[in-house]
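Each chain, letter by letter, is given below.
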Amino acid sequence: MDSPFKSVPVKSSEITPKHVYLSRRDFIKAAGVIAGSMALAACLPSQEGAPDAVETETVSSPVPPAAENTDELGDPVNSFEDITNYNNYYEFTTDKQGVARLATDFKTSPWDVEVSGLVKNPGKFGVEDLIKKYQPEERIYRLRCVEAWSMVIPWVGFPLSKLLNEVEPTSDAKYVSFATILKPDEMPGQKEPWYPWPYREGLRLDEAMHDLTLLATGLYGGELPPQSGGGIRLVVPWKYGFKSIKAIVKIELTAEEPFALWKAIQPSEYGFYANVNPNVDHPRWSQATERRIGEISRRPTLMFNGYAEQVAGLYEGMDLRVNY
Amino acid sequence: MTKKRFTLIQLLVHLVGWIPLAALAFDLFTDNLTANPIQAIEKRTGYTALAFLALSLACTPLAFLGWKALAQRRKALGNYGFLYAALHVSVFIAVDYGFNLESILRDVGSKQYIIIGATAFILLIPLAATSFQYWMKRLGKNWKRLHRLVYLIAPLVVLHFFMARKGNILNLTGDIFQPLLFAVIIGVLLLLRLGPVKAGITRLRTRLLHPAK
């Protein structure tokens, strides 16, 4: 409990080759069919706390499990299968289970990110070069969706601050704006007229510089699957999941609060800050409780998703009911 | 007394009525309900309930337009709608919230879309309860009056569906295509019941069937 989060350096030898974890997926899929009736049994309240998926995994998984199997609060990480087959990624489809299939052929490598705006050293960075330079580590974070479900995910990544320090924001820079790749031919959801694509999100510069704020390039010791936001994605564990933008191609430092897609669609429901807060309800989903994927009962939601000790200081003196 | 017990359309209605439940059970047993099966069941049963409500509302206009056999089927379709709505509500109360009344009341009290959905379901109960021959006879004219409640229930359910999705009804952005589709379908089905619209259709049909001499 001395560390605020689980942080484990990943040796390149530990990174799982893609064909191995893909075959693991097939294995789990097959196991899932056989264990179908077990899964049903797991739905009974009496089975609570014995998620079958995790058991399946420890039997004969060819993949070394995440370096640590729990987050710092002691809750187990979710299975690779659950994390990569339950995705809110409207660029592909609104069907969470359908994203993985539609994203199969989405190319995540090579991947470039352009950093521009109020910085001294703008430039284009290849993700492979960033990985070499910044030595990604494993970080086990809770992810809390605004839809009131949550997971524990072993990301592999490096703090966004490392990249920002390299490009050197000017003194005028107050915010960081992020944009997802726009590729309607490969992302069918981007053809839908109901959204102002591309997906964009933003952070205040001090939030972006916080050590918890991660640029993730991997998952479960392997590379970052396309459905989970590969080539590279943001992970801000104390904010609702929609802030953690996927498949980033543009990062821009700005003086004004940047465009955020959900805020633009429905500003009364999605704020710029979107900090996980059980005391400020979303008008439609209660934020007081959440369902951890793999569990039956709801559990109470923690202030700042359990990271209050690290991040509450960022919002001192602010009314979190107004700045939701 | 050589009357057939079941007509083809009748069998079809009952088949269509049970298929979604069978599919749901199959997906449950084969672990095909996403990593969040409780929410998936809530979504599926809610969607199915609304679909049957729309089918039930389609019977009268379609019968009026010429497919007379459908007039007798709306009650069964409406009852299937109630079946899936009841499943939807039961899963919400019993599984999602584990009968935690305090938690349910707090959420119901503060969430407009749950209040709207709950109102629609409560209004649906007397309709389902009086769908038997006994009540039809006993209530007489009032039976029809009572069952006109569905003209209020259907729009409430569509609104509930709209609000359960991430999006904005007013500027039509976000995940609103399906709710919008149902709004249009229910809207048209209700419009077709209006006196002047019906009269217009009758005139048009007379003109088409009996061209001016």
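Since the model is a prediction, treat every value here as computed from it, not as a measurement.

> Explain the overall build of chain B to me, and be specific about the residues and the numbers.
Of regular secondary structure, chain B possesses ten helices and two strands. Listing the helices and strands of chain B from first to last along the sequence gives α-α-α-α-α-α-α-α-β-β-α-α. With respect to the principal axes defined by its C-alpha atoms, chain B has extents near 70 × 50 × 35 Å. For chain B, the residues scored as buried account for 38% of the 213 residues in total. Expressed as a percentage of contacts within chain B between residues at least 6 apart in sequence, the contacts between residues at least 24 apart total 63%. Here chain B displays about 12,600 Å² of accessible surface, and carbon together with sulfur accounts for 71% of that area. Mean positive and mean negative side-chain charge positions of chain B (25 and 7 charges, respectively) differ by 30 Å.

> Quick one: what's the story with the overall build of chain A, residue by residue and with numbers?
Counting secondary structure elements, chain A contains ten helices and 13 strands. Going through the 324 residues of chain A one by one, you find that 58% of them count as buried. A fraction of 73% describes how many contacts in chain A between residues 6 or more apart in sequence connect residues 24 or more apart. In the structure as shown, chain A presents an accessible area of about 13,400 Å², 55% of it carried by carbon and sulfur atoms.

> Outline the environment of A:V276, listing residues and values.
Residue and element names in this part refer to chain A. Its place among the elements puts V276 in the loop between α9 (261-265) and β12 (289-292). Considering only alpha carbons, one finds V276 and K239, 37 residues apart in sequence, at a separation of 5.0 Å. With residues up to four places along the chain from it excluded, the contact list for V276 reads R144, W238, K239, Y240, T301, L302, M303, F304 and N305.

> Run through the nonpolar core, naming residues and quoting values.
The tendency in soluble globular proteins is for nonpolar side chains to be buried side by side. One finds A:W155 and A:I251 to be the most contacted residues of the largest nonpolar core, which totals 119 residues. Setting aside residues up to four positions removed in sequence, A:I251 forms contacts with A:V113, A:E114, A:V115, A:S116, A:L160, A:L163, A:V176, A:S177 and A:F178. In this structure, A:I296, B:L33, B:I41 and B:V91 belong to the second largest nonpolar core, which totals seven residues.

> Quick one: what's the story with the interface of chain A and chain B, residue by residue and with numbers?
At the interface, 34 residues of chain A touch 35 residues of chain B. Carbon and sulfur atoms supply 52% of the area buried between chain A and chain B, which totals about 2,900 Å² over both sides. Seen at the junction of chain A and chain B, the total is three salt bridges. Note that B:D96 is salt-bridged to A:R298, the shortest N-O span being 2.8 Å. In terms of residue count, helix α2 (residues 36-41) of chain A provides more of the side of chain A that touches chain B than any other element does, four residues in total.

> I'd like to hear about a positive patch on the surface, residue by residue, with values.
All names here are of chain B. A grouping of R74, K141, K144, R145, R148 and K198 is seen on the molecular surface, where their side chains present a positively charged patch. Top element by residues in the positive patch is helix α7 (residues 141-147). It accounts for three residues. Along the polypeptide, K141 turns up in helix α7. On the accessibility criterion, K141 (69% relative accessible area) is exposed.

> Which residues make up the pattern of salt bridges, and what values do they have?
Think of it this way: side chains of opposite charge can pair up when their charged atoms draw near. All names here are of chain A. A full pass over the atoms with the stated rule returns 22 salt bridges over all chains. Across the pair R204 and D206 runs a salt bridge whose closest N-O atoms are separated by 2.9 Å. The closest approach of N and O atoms between E295 and R299, which form a salt bridge, is 2.7 Å. Each of D75, R144, E290, R292, E295 and R299 takes part in salt bridges that share partners, so that together they form one network.

> Could you give an account of a nonpolar patch on the surface, with specific residues and numbers?
Residues and elements named next belong to chain B. On the surface, a nonpolar cluster with roughly 440 Å² of combined accessible area is contributed by L12, L15, V16, I19 and L55. Considering every element that reaches the nonpolar patch, the biggest residue donor is helix α1 (residues 8-29), with four residues. Take I19: its relative accessible area is 49%, and that puts it in the partly exposed class.

> Tell me about the packing of helix α4 (residues 101-110) of chain B against helix α5 (residues 112-129) of chain B, and please be specific about residues and values.
Residue and element names in this part refer to chain B. Viewed as axis vectors pointing N to C, α4 and α5 meet at an angle of 100°, and their least axial separation amounts to 5 Å. Relative to α5, the element α4 is oriented roughly perpendicular. Of the residues in α5, those touching α4 at D107, V108, G109 and S110 are Q112, I114 and I115. Grouping the constituent residues of the contact of α4 with α5 by class yields three nonpolar, three polar and one charged.

> Before we move on, could you go through the packing of aromatic side chains and cite the residues and values that matter?
All chains considered together, the criterion is met by 27 aromatic pairs over all chains. On the numbers, 5.6 Å between centres and 80° between planes, the contact of A:F272 with A:Y273 is edge-to-face. The burial state of A:F272 is the same as that of A:Y273; both residues are buried. Each residue in the set A:Y90, A:Y195, A:W197, A:F242, A:W262 and A:Y270 is aromatic and connected to the rest through ring pairs, giving one cluster. Across from the ring centre of A:Y89, 4.8 Å away, lies the NZ or CZ of A:K246, which sits over that ring. Here B:K198 stacks its cationic end above the ring of B:F64, 5.5 Å away from the centre of that ring.

> Could you give an account of the sheet that holds strand β2 (residues 112-117) of chain A, with specific residues and numbers?
All names here are of chain A. Read across the open sheet, the five strands follow the order β3-β2-β11-β6-β7; overall the sheet is mixed. Lying at the two open borders of the sheet, with one neighbouring strand each, are β3 (123-126) and β7 (200-204). The mean inter-strand angle of the sheet, taken between neighbouring strand axes irrespective of direction, is 20°. One ladder, built from six bridges, connects strand β6 (residues 175-180) with strand β11 (residues 248-254); its direction is antiparallel. Its bridge partner lying in β11, V176 is registered against L253.

> With reference to specific residues and values, describe helix α8 (residues 150-164) of chain B.
All names here are of chain B. Here α8 spans 21 Å end to end across 15 residues, near enough to the 21 Å set by a 1.5 Å rise per residue. Listed in full, the buried residues belonging to α8 are V150, I153, A154, L156, V157, V158, H160, F161, F162 and M163. Residues of α8 that are buried sit in contact with α2 (37-64), α3 (74-96), α5, α7 and α9 (177-191).

> Can you break down the confidence of the model for chain A residue by residue, with the values?
Confidence in the prediction for chain A averages 85 pLDDT; 79% of positions are at 70 or higher. Contacts of residues 11-63 of chain A to residues separated by more than four positions or lying in other chains number 55 contacts, the stretch itself having pLDDT below 50.

> How would you explain the packing of α1(B) against α2(B) if you had to name every residue and give the values?
Residues and elements named next belong to chain B. Packing of α1 against α2 leaves a shortest axis separation of 11 Å and a crossing angle of 170°. Between α1 and α2, the interaxial angle falls into the category roughly antiparallel. Counting all contacts with α1, which are made through V16, G17, P20, A23, L24, D27 and L28, the residues of α2 involved are I41, R44, T45, T48 and F52. Residues that form the contact of α1 with α2 fall into these classes: seven nonpolar, three polar and two charged.

Conventions and cut-offs
- Residues numbered from 1 in each chain as written.
- Chains lettered and ligands numbered in written order.
- Predicted model: local features only at pLDDT ≥ 70, side-chain atom pairs only at ≥ 80, totals over all residues.
- Heavy atoms only, no water.
- Helix = DSSP H or I, 4+ residues; strand = E, 2+ residues; numbered from the N terminus.
- Buried < 20%, exposed > 50% of the residue type's maximum accessible area, 1.4 Å probe, protein only.
- Contact = heavy atoms within 4.5 Å.
- Areas by Shrake-Rupley, 256 points an atom, 1.4 Å probe, with all protein chains shown as cover.
- Lys, Arg positive; Asp, Glu negative; His and termini not counted.
- Charge placed at Lys NZ, Arg CZ, Asp CG, Glu CD.
- Core = buried A, V, L, I, M, F, W, Y, C linked by side-chain atoms within 4.5 Å.
- Buried area = accessible area lost by both parts, 1.4 Å probe.
- Salt bridge = Lys/Arg side-chain N within 4 Å of Asp/Glu carboxyl O.
- Patch = residues over 30% accessible without salt bridge, like charges linked within 9 Å, V, L, I, M, F, W, Y side chains within 5 Å.
- Axes fitted to C-alpha atoms, helices over the stretch in contact; angles between N-to-C directions.
- Parallel < 35°, antiparallel > 145°, perpendicular 65-115°, else oblique.
- Nonpolar A, V, L, I, M, F, W, Y, C, P; charged D, E, K, R; others polar.
- Phe/Tyr/Trp six-rings, centres within 6.5 Å; stacked < 30°, edge-to-face > 60°.
- Lys NZ or Arg CZ within 6 Å of the ring centre and 35° of its normal.
- Pairing = 2+ DSSP bridges.
- Expected span 1.5 Å × (residues − 1).
- pLDDT = per-residue confidence, 0-100.

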